[in-house]
Every structure is written in C-alpha cells, then in structure tokens.
Amino acid sequence: MKKMWKGMLLLAMALLVCTAPQEASAKVKVKKVTVKSNYGSSVHVAVGKKIKLKTTVKVTPNKSANKKVKYKSSNKKIATVSSSGYVKGIKTGKCKVTVTSKKNKKKKAKITINVVKKVTSITIEKPKNALYVGNTLALKAIVNPVSGSYKKVTWSTSNKSIAKVSSTGKVTGLKAGTVTIKATSVEGSKKTGSIKLTVLATNSVSIASVEVLSSNAVRVVLDKAMRLTESQFSLDGKQYSFGTYSRKYRIAQMRNYEDKTYDLTLAPEYSVSRDSFVRVTIAALPGNGVKTMETQAIYVRNTRPLDEKWIGVVGESWNKVVDLSEYCCGHISYQLTGSIPGITVKEKNNQLLFSGTLTTVTVGTQLTLKATDETGSTVRQTIYVYVGNNSTIVGKAEDSTILVGNELKEKEFASAVGGSSQYTYSAINLPAGIKLDENTGKISGKANIVGEYTVRLTITDKENENRTCQCTATLRVVDQKKVVGTVTDTSKKPVAGVTVICENIADGTLYQTETDENGSYTVYVGEGSYHIKAEKGEAVDAVYNIAVGSGGRQIHFILRAEDL
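The notes below deal with the structure included here. Nothing here was measured: the structure is a model prediction, and the numbers come from that model. (Residues numbered from 1 in each chain as written. Predicted model: local features only at pLDDT ≥ 70, side-chain atom pairs only at ≥ 80, totals over all residues. Heavy atoms only, no water.)

1. Remarks on the overall build of the protein chain
For the protein chain, the count of helices and strands is one helix and 50 strands. Against the compact-globule benchmark of 24 Å for 564 residues, the protein chain has a radius of gyration of 38 Å, which places it well outside the compact range. Counting only C-alpha atoms and orienting by the principal axes, one finds that the protein chain spans roughly 145 × 65 × 45 Å. Expressed as a percentage of its 564 residues, the buried residues of the protein chain come to 40%. (Helix = DSSP H or I, 4+ residues; strand = E, 2+ residues; numbered from the N terminus. Rg over C-alpha atoms; globule rule 2.2 N^0.38 Å. Buried < 20%, exposed > 50% of the residue type's maximum accessible area, 1.4 Å probe, protein only.)

This is the structure we're talking about:
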C-alpha cells in the first residue's frame, strides 16, 4: 500500500514538472478596452456627486486578473476618478478620463467627463389630454436648475400592468387603474419627480372643466359627448377653501351645447359670490373618469384690456381711475412707466388713482401699466395722453368696428380740446359709404367693403385755421353674422319688448335689438365670442362666451314670468 502511494506521488510530481513550463509560457493578449457612461457616449456628473464608469476589457485568457485597469483624469480640478472607476465632479467644466489595461499599456480608452450643476428638483408637466386604455401620451420632465443642469432622466412606472413608459417618457395605457410615473436624474443627484395618472376605461366620460360664468351660471364641459339631464348634476358651494360644501344649489335652467358643454343657471334665490368655491358632481358618468370637480369663482376676463386715450386742457382737474381687477386674480400690484405733469398717482384697493391739475401741453404721452396679481399673472395696458391749452388744440379718434352693409347712425369717433373749442373735422381713407360730420366728428352711413382702414383726421380751430392737429384711428369693417332666437316666459308665452344685448368679449363692442310681438329677435354682429343677455325689467337670462361664426348662432331665452 505504501509503495502504491509513493508511486502516485512520484507521478503527480512528474506531471507538475511537465505542465508548469507550458502554463508559464501562456501569453496574455489584451484585444480591446472600452468604457461607457451612465447615459450616452459621455459622462454627465453633478458637482460633488459620483458616477460609476462601465469598463470592459476583452482579453485572453479571459480571467479577472487580466482585466485590471488604471484610471486617470486629465484635469483633477474638474473631476477625479478612483481606482475602482468612480468619477466625482469637482467643479463645472469638461475633462477626459483615460482607462488603461494593466496587462498592456498600449490598450486604452477615453471618455469625456461633463461636470454639471446638481439637479435640485424634477417636476413632470401635467398632460393636457386624458389617457385611455390603448392610447399613449407624452410626458415632459422639467429639470431644475434650468441652466447648467443635465436634462436627461430615466423613466419608470409603479405598475407595468396598468401603464408602461418608454425611455423618452411616452406612456401607454394598458388597463384601467391608477399608476405613478417617475422621472429620475442620471447625473448622481438621485432627484426624482413623479405624477399620478389614471388610465381610463375606453367607455369613460370625464368632467374636463368647470367654470363659474357669473353669479348665477356655471359651465361644465365633458371630454366626450353625453346627453345629460338637469337632475344628473349636483352643485355644491362653500365660501372658503378650508370650509365644507354646506350649500346645495338648485338648478333653474340648463343649456346643452352639442352634449359636451352644459351651462347651468341657478335658481334666483342663489348666487355665487366672487372667490367662493363651487363643486360639480355627475355620478352618472360611466367608467372610472373624473366625476367630481371644483373651481373658484374668480370672474377673470381672459382678454387684454383695450388701450385708452385721455384728452384734456391745461388747468383742468383730473380724477381718473384705472381698475384692472376684472383681468386679475386677488390682490394686484401696479407698475407704471411714464407720467403726466401735474398729476399724482396713488395705488388703492386694486386701483390706480390719477388726480391733480394738468399743467403742460402734451401730445400722445404714453403711459404703460403692468398689473401683477397674486398668482404671478400679468396684464398690460397702454394709455395715451393729450393735453391742449388756449393756443394749442389736441384731438383723438377711437378705434372702432362696424358691420358691412349695416346702417350706422351717428357714432362718436373724433374729438378735440383747446383753442376756441369750435372745430372742423376732415378725414382721409374712410371706408366707402361712411362719412364724417365736419362739425361734430361723428361718423354715419353704410360701409360697403370689408377691410381694416387707418383713418387720418385733421382737426382745425374754426376761429384760427393755423391751429390744427392730426390723429389716426382704425376702422374695422367686418362681415355681419346673425344671432337669432326667441324670448318666452316660463309658461312658453312669447315676450315682446325684451332688449337683447350682444357684447363682444375681445373689444367690448355692443350690438342690441328688441324682440317683436312674437318674441323673436335678430341681432347682427361681427364674428367672434360674445356674452349675450336678454333683459326686461327684473327678468334676465344670459349666455356666456358663445362663439358666433360664419353660420351665425341661434339662442333662445326664457324669462321668469314673475319677474316681468
């Protein structure tokens, strides 16, 4: 037995002696060194943060001992790199890191290092459209700071069975439910932003928006057409955001526009005060969409205030008020550029008060107003100031819109002050069919051709022809569209003598008529959006923000018999 073990030992030693020289002679061959970044072909790392490089060494024999590398930064003041491949940002800028094989120093790779500002926050923009099963929407990540940070992010979903998200932020709805989509920074700051999305079943109908149109009217817009009745709407109110919805509004009338937009008129005993809150609930909506939505009654006009022209004479006292609160939310701060000699300006209760006595002749001095409300929204208005005296006349003319083919009775157009106070008016480039009264500055007639006309006026002092002034105004001649309909009382009896007023939302132009003995009316207006009101005595019915296009519009009004 001892002889057997001795023989085996001798054999093993012989084999070791034979093979050792062969292994020692095996040559390490490094074929290629590659290095990649956390995102893309170059590294982006935030100041003070670290990113791990992804290094690959292709070598034979394929052993870990043969894959060892050495890292070196070209500028350690920009970025450093550890022996294990962690790049750390030191200050913003660019440099390179070289990765060299320890087995073959000729085999190396380089990568660009971009040191950027650290991401402080990520928010995801709320999408404008709803997400239905089978549909997609694109999300956008807003990375702060805006300047100097790396904007790339990775996207992830909290539930891959409800929605999936691509590397570019495109979300696909897979089944009905709620999911959280997250965007994560890639430069080492590990900042995240998220948004909760509801994937809607294909049959879902949602409330898209709620708007308080006036103290007694609420507009509800659906994202899909669906025929609803008054009884399917529930309206509740509260005064303060921290309060409870303790007021139940009763609906007196409902208007349905194409089964998507519903205007709900409240019963006369109710009114929605400014800045209070209204909640709309439609439990009957199918699917898992938005069935309840609240809004605040801010009553803000969504158009720009018109420019104004102020005119006066030296020695005249002014007490003028500028109030842009109807275009703003909450408290307003004003910024005024320009001044009027002799006039002081004071800010009070969301208004600018101009008071004092005019001291200096001025022609077209420009005041620029900027109003900023508590939401950060801004509104601008320009005021042109004209001041004359005994020896200097100044004049103005107002921009106006008139309807083609519509007989225009005397309409205020041009005026002047200063001198003798007696003037003659002449004009160049009036629309065909429109004439200017040389003694009053009023216009009348019937415009024949649609267009925009820049009218140049000359105003002359009757007692001294050397005293003249010039001014311009724009006359817009537009196609006339018809708004037609009827006015009845609650018992469906026609009501005659009702005034129907159409107010153009953009420029405030008013068009009006009265109903005939059959309760019918026709108002000719220009194309645009209007608030339209029918009123007689205490009885009022109105529609809001109604578009009047090429085909005109038909609106029927109902007045409460007890208010007539």
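So that's the structure; there's more coming.
2. Quick notes on the nonpolar core
Of all hydrophobic cores here, the largest spans 23 residues; its most connected members are Ala397, Phe413, Tyr425, Ile443, Leu457 and Ile459. Looking at this core, the elements with two or more residues in it are β37 (414-417), β38 (423-428), β39 (434-436), β41 (451-461) and β42 (464-478). Considering every element that reaches this core, the biggest residue donor is β42, with five residues. Excluding residues that lie within four positions of it along the chain, Ala397 makes contacts with Lys309, Phe413, Ala414, Leu457, Cys471, Thr472 and Ala473. (Core = buried A, V, L, I, M, F, W, Y, C linked by side-chain atoms within 4.5 Å. Contact = heavy atoms within 4.5 Å.)

3. Concerning the sheet that holds strand β31 (residues 351-357)
Pairing within the open sheet is antiparallel, and its three strands lie in the order β28-β31-β30. Each having just a single partner strand, β28 (317-323) and β30 (343-348) make up the two edges of the open sheet. When strand polarity is set aside, the average angle formed by the axes of neighbouring strands in this sheet is 15°. Pairing of β30 with β31, which is carried by six bridges, proceeds in the antiparallel orientation. In the strand pairing of β31, Thr344 is matched with Ser355. (Pairing = 2+ DSSP bridges. Axes fitted to C-alpha atoms, helices over the stretch in contact; angles between N-to-C directions.)

4. Some points on unusual backbone geometry
For the bond from Thr60 to Pro61, the omega torsion is -10°, close enough to zero to count as cis. Relative to the helices and strands, Pro61 resides in the loop between β4 (54-60) and β5 (69-73). In this model, Asn144 is joined to Pro145 through a cis peptide bond whose omega is 0°. Counting through the fold element by element, Pro145 comes out in the loop between β13 (141-144) and β14 (153-157). Phi is positive for Asn429, which is not a glycine, with a value near 75°. With respect to the element layout, Asn429 can be found in the loop between β38 and β39. Here Asn429 falls in the partly exposed class, since its relative accessible area comes to 37%. Within the chain, Lys492 stands out as a residue other than glycine whose phi angle is a positive 70°. For Lys492, the location among the structural elements is in the loop between β43 (481-489) and β44 (499-504).

Functional significance is not addressed by these values, which are geometric in nature.
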